[in-house]
Amino acid sequence: MGELKVNCDAALFSREKSTHGLGWIARNHAGLCFAAVAIDPIVAEAMSMKEALSWVKSNWEEGGVVEEFCPTAVVMESNCLLLVNTINSKSQVLSPPSLIGLY
């Protein structure tokens, strides 16, 4: 009673070679669903990159030094070609990464 149960999962289906995703669901003690989310792979990639950028910013903001290392530039890499092409696009695209605020 009084507890919220949140189940999280991610999946990759090797037979389909490219089908994957992640999601979560929050329920009360009686199993009543409060919220559920299924995330498209491109959105998951964009969220991952945004979290990495937040970590970089929080550790090296305003000339900060972590373990005697102060980077002068940050290079972000991703194996998600759609995300990379979207970020590098010169035109404004209304897409999941832009809605997340990644670029």
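Just so it is clear, the structure is predicted and the values come from calculations on it, not from any experiment.

Considerations on the overall build of the protein
Move 1: A count of helical and extended segments in the protein gives 3 helices and 3 strands.
Move 2: If you list the helices and strands of the protein from N to C, you get β-β-β-α-α-α.
Move 3: In the protein, once contacts between residues fewer than 6 apart in sequence are set aside, the share between residues at least 24 apart is 33%.
Move 4: Of the roughly 8,200 Å² that the protein leaves accessible, carbon and sulfur atoms contribute 57%.

So, the environment of Leu 83
Move 1: By the element assignment, Leu 83 lies in helix α2 (residues 81-88).
Move 2: Exposure remark for Leu 83: the relative accessible area of 0% places this residue in the buried category.
Move 3: Put simply, Leu 83 and Glu 45 are 38 residues apart on the chain and 7.4 Å apart in space, counted from C-alpha to C-alpha.

Overview of the side chain of Asn 28
Move 1: In this structure, Asn 28 sits in the loop between β2 (19-27) and β3 (33-39).
Move 2: The class of Asn 28 is buried, set by a relative accessible area of 17%.
Move 3: Within polar-contact distance, the side chain of Asn 28 engages the backbone nitrogen of Ala 30 at 3.0 Å.
Move 4: A distance of 2.8 Å separates a polar side-chain atom of Asn 28 from the backbone nitrogen of Leu 32.
Move 5: Every residue in contact with Asn 28, bar those within four places of it in the chain, is listed here: Glu 3, Leu 4 and Phe 34.

A short note on a nonpolar patch on the surface
Move 1: A cluster of nonpolar side chains, contributed by Leu 4, Val 6, Trp 24, Leu 32, Phe 34 and Val 37, occupies part of the molecular surface with about 560 Å² of accessible area.
Move 2: Relative to the assigned elements, Leu 4 resides in the segment before β1 (5-13).
Move 3: Judged by relative accessible area, which is 53%, Leu 4 ranks as exposed.

What counts as what
- Residues numbered from 1 in each chain as written.
- Predicted model: local features only at pLDDT ≥ 70, side-chain atom pairs only at ≥ 80, totals over all residues.
- Heavy atoms only, no water.
- Helix = DSSP H or I, 4+ residues; strand = E, 2+ residues; numbered from the N terminus.
- Contact = heavy atoms within 4.5 Å.
- Areas by Shrake-Rupley, 256 points an atom, 1.4 Å probe, with all protein chains shown as cover.
- Buried < 20%, exposed > 50% of the residue type's maximum accessible area, 1.4 Å probe, protein only.
- Polar contact = N/O pair within 3.5 Å; in protein donor to acceptor, adjacent residues only side chain to side chain.
- Patch = residues over 30% accessible without salt bridge, like charges linked within 9 Å, V, L, I, M, F, W, Y side chains within 5 Å.
- Salt bridge = Lys/Arg side-chain N within 4 Å of Asp/Glu carboxyl O.

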